[in-house]
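An overview of the molecular structure
Here are the chains, one letter per residue:
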Amino acid sequence: MALTFTDGLVLFAVVLTALFTAILMVFKDKEVNNRGINITTAKKLLLTSIALGLIILYVELSTKFRAEYSVMYYALITVMGALMVIPIIMSNANELTKLALPSIMVMHLDILFSELSASGISLGEGSEMVKAMYNLGRWYFQYAHAPTYNPFPTTAYVIVSLSRLLNMPWYSSTPWDIYYPIFIIVYDLTMYTLTLHLTKSRVASLVATLLVNTTPEVALTLNPYQYLSDMLMIIALTAFVKFVNNKETMSMAVAAITYTAAIVSLTTAAQLLFIPPALLIISAIINKLSKAANNTNTQEIPARETILFFIMLATITVLIAIYTPGYFMYTYSILAGYITNTLNYILSPRTYEPTSVTALPLFNRAGVSPIQGYAWSLATALATAYVFTEVIMLFTRKRRINPWHITLYLAAAMPVIIGFTGRVLGTGVSNLTAASYVALSIMLPVSGYAAIKVGKKGLMGLIILVITLILIIPIAAHDPNVSPIEYAKIHHTPLIQQTRSDYLEGFLFMSLLKPSNDFALIIYSRPILITYGYSPSMGLWPEYTNVPTGVIGAVSFIMNRTTPLMNIAYNYTGQYVYYYVIVPPNNVPQSTPADLVFSASYRDLRIFIKP
């Protein structure tokens, strides 16, 4: 029986956690600073990495290099990763940050992007919100995906603002092409800053930043509406750390503003609300255990500042919930459903029936390689091994334990546990990814700190750390959550791009129809493309489409027109010629003469309207 992605995920998580735990435990007396590269050589390596990364980025954005020469692409991205990881781990990171951070950012752009849109049009999740905000000039709650989930879509607002600033239509791809790189760079800087405040280590901060997009669960292009809110939440968390550690009043103001923006954008940002009380509880437990173990070397967390911060977060959350219609019902129904089903499962396991059908995970049914489980589990394995080892060291080595690390680890791990049990129990939070992918970003500072601990455990630890960090780059670059090409494949989306000419034809075609016309549309086209639908009960089934069909549907949405009923047929005459035939829905002939209304060297547009 072949291994599935889920099997690989579990296998890699267990093996990597055991490996890092063994290194941290077995070599506990060999903690040394291993530095094998001088600063001059390290700078040259990083400069070469940046240059190679920029070349890769230019070629893949302007050509089909990544899709047509994938082996070469993965080889180059691996070389770039090696040129970046080796100097970061094996030299003095304090003198390399100005080069190491840009190298990581360029690498992130390399693995997250492919060829730019040939049509210049960008439609996808959230387009309805962008369209509504652009056309109305303001925002109404009812236009959100779910008003109780994202009362104000910050990402949509940014795209609309850029579109108006550039005097472009709301569906143009250019604002997205500008927004995404800036967002990725700012997010990287945010993660670096948070980790630096928590760990005081530039190496740990660089590794945590490296893990942002090479950990597929937190790939920033996966859900732009989710991750802008996540970034704002991380900024608020950074301000919280500064406020607790340094008593900075200004940090409270920053935290209040960014947390408000985060939770208004998406309610998942409310997870930050649980960190202050968890920090106090964990700190108290560590102090009790330390006294029991006669270990006085513990870090005190100021309770006054932590409680004050919690009150601020709770007040903001309640006010937003009061002024957001349906917010309490939305959160209550999810929590109540989860708690009720959990209790029913525990009390009556033999008679319990899940409330929803459990679907086969997408990665399994699409046949994603179990090797991808490596990228999914590396960051979590590092953090798990470190936290487990530190708890043991509390009693055996009298080591100081940082309650921040355990707090952030548990804050990230709990949604994963809830999501997993939700999938098993069939509750309202049964989607494992949706329940955990945002929270896992909070764990990355702990993963970064764990990495430097592994790297200091003698030459063996250093070599293993370098190899594992280099390997994650090409594996992550091939993951459907990271690679736009693999994402298209796993979702059975045709790789043939729609061009500007296709859309010009579509707009011309729709302009020839009156909005009141009730016609069916036969589209003759070569080639016919096949996509697949899926349901838990029926499995996969083929769906046939082609470029004109997709264009007509998109143009209808853009023009606020009802999408025509479309049927697809082959055109066996001519080479790659499209023509559209309009007929009444109840009288669809197999073939109909068509009048030529638009002609160009690449294609003919033929329309026949039967009265």
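As a reminder, the structure under discussion sits directly above these lines.
Structural notes, computed from the coordinates.

Thresholds applied
Residues numbered from 1 in each chain as written. Predicted model: local features only at pLDDT ≥ 70, side-chain atom pairs only at ≥ 80, totals over all residues. Heavy atoms only, no water. Core = buried A, V, L, I, M, F, W, Y, C linked by side-chain atoms within 4.5 Å. Buried < 20%, exposed > 50% of the residue type's maximum accessible area, 1.4 Å probe, protein only. Helix = DSSP H or I, 4+ residues; strand = E, 2+ residues; numbered from the N terminus. Axes fitted to C-alpha atoms, helices over the stretch in contact; angles between N-to-C directions. Parallel < 35°, antiparallel > 145°, perpendicular 65-115°, else oblique. Left-handed = near helix turned anticlockwise from the far one by under 90°. Contact = heavy atoms within 4.5 Å. Phe/Tyr/Trp six-rings, centres within 6.5 Å; stacked < 30°, edge-to-face > 60°. Expected span 1.5 Å × (residues − 1). Salt bridge = Lys/Arg side-chain N within 4 Å of Asp/Glu carboxyl O. Nonpolar A, V, L, I, M, F, W, Y, C, P; charged D, E, K, R; others polar. Polar contact = N/O pair within 3.5 Å; in protein donor to acceptor, adjacent residues only side chain to side chain.

What to know about the nonpolar core
Ranked by internal contacts, the top residues of the largest apolar core, which has 151 residues, are F20 and I89. For this core, the element with the most residues is helix α10 (residues 224–246), which contributes 14 residues. One finds F5, F363, V368 and W376 within the second-largest nonpolar core, a separate group that totals five residues.

Topic: the packing of helix α9 (residues 202–214) against helix α20 (residues 458–477)
In contact at an axis separation of 10 Å, α9 and α20 are set at 25° when each is read in the N-to-C sense. One element, α9, and the other, α20, form an angle in the roughly parallel class. Classified by chirality, the crossing of α20 by α9 is left-handed. Seen from α9, the contacting residues are V207, L210, L211 and T214; seen from α20, they are L469, I472, I473 and A476.

Re the packing of aromatic side chains
Counted by the stated rule, this structure contains 19 aromatic pairs. Plain terms: the ring middles of F65 and Y73 are 6.5 Å apart, the flat faces sit at 75° to each other, and that makes the pair edge-to-face. Under the relative-accessibility criterion, F65 is labelled buried at 10%. Taking the centre distance of 5.5 Å and the plane angle of 80° together, the rings of Y386 and Y449 count as edge-to-face. Of this pair, Y386 sits in helix α16 (residues 373–396) while Y449 sits in helix α19 (residues 444–455), and the two are 63 residues apart along the sequence. Neither residue differs from the other here; Y386 and Y449 are each classed as buried.

Considerations on helix α23 (residues 547–558)
Because an α-helix completes one turn every 3.6 residues, residues spaced three or four positions apart along the sequence face the same direction. Spanning 12 residues, α23 covers 16 Å between terminal C-alpha atoms, matching the ideal 16 Å at 1.5 Å per step. Every buried residue of α23 is listed here: V547, P548, T549, V551, I552, A554, V555, S556 and I558. N560 lies just past α23 and shows a positive phi near 60°.

Some details on the pattern of salt bridges
The tally for this structure, following the rule as stated, stands at three salt bridges. E60 is paired through a salt bridge with R66; the nearest N and O atoms lie 3.6 Å apart. Residue classification places R66 among the buried positions, given a relative accessible area of 3%. Among the ionic pairs, E486 bridges to K489, the shortest N-O distance being 3.6 Å. Of this pair, E486 and K489 both sit in helix α21 (residues 484–490), separated by three residues, roughly a single helical turn.

Here's the deal with the packing of α9 against α19
In the contact formed by α9 and α19, the axes pass within 7 Å of each other and the chain directions differ by 125°. Relative to α19, the element α9 lies oblique. Every pair of crossing elements has a handedness; the one defined by α9 and α19 is right-handed. From α9, V203, A204, V207, A208, L211 and V212 reach across to α19, where they touch L444, P445, S447, G448, Y449, A451 and I452. The class makeup of the residues in the contact of α9 with α19 is 11 nonpolar, two polar and no charged.

What about the environment of L101?
For L101, the location among the structural elements is in helix α5 (residues 97–112). The spatial distance from the C-alpha of L101 to the C-alpha of L46 is 9.7 Å, given a sequence separation of 55 residues. Setting aside chain neighbours within four positions, we find L101 in contact with L189, Y192, L206 and T209.

So, the side chain of T215
Summarising the element assignment, T215 is placed in the loop between α9 and α10. Residue classification places T215 among the buried positions, given a relative accessible area of 3%. Among the polar contacts made by the side chain of T215, one reaches the main-chain carbonyl oxygen of L211 at a distance of 2.7 Å. The residues contacting T215, other than those within four sequence positions of it, are A375, A379 and L444.

What about the environment of V207?
Tracing the backbone shows V207 in helix α9. V207 sits in the buried class, given a relative accessible area of 1%. Between the C-alpha atom of V207 and that of I88, which follows or precedes it by 119 residues, the distance is 8.3 Å. Once residues within four sequence positions are removed from consideration, V207 is found in contact with I89, G448, A451 and L469.

Here's the deal with unusual backbone geometry
Backbone geometry places K200, a non-glycine residue, at a positive phi of 60°. Here K200 is to be found in the loop between α8 (174–199) and α9. Even without being a glycine, N560 presents a positive backbone phi close to 60°. Within the secondary structure, N560 sits in the loop between α23 and β4 (565–570).

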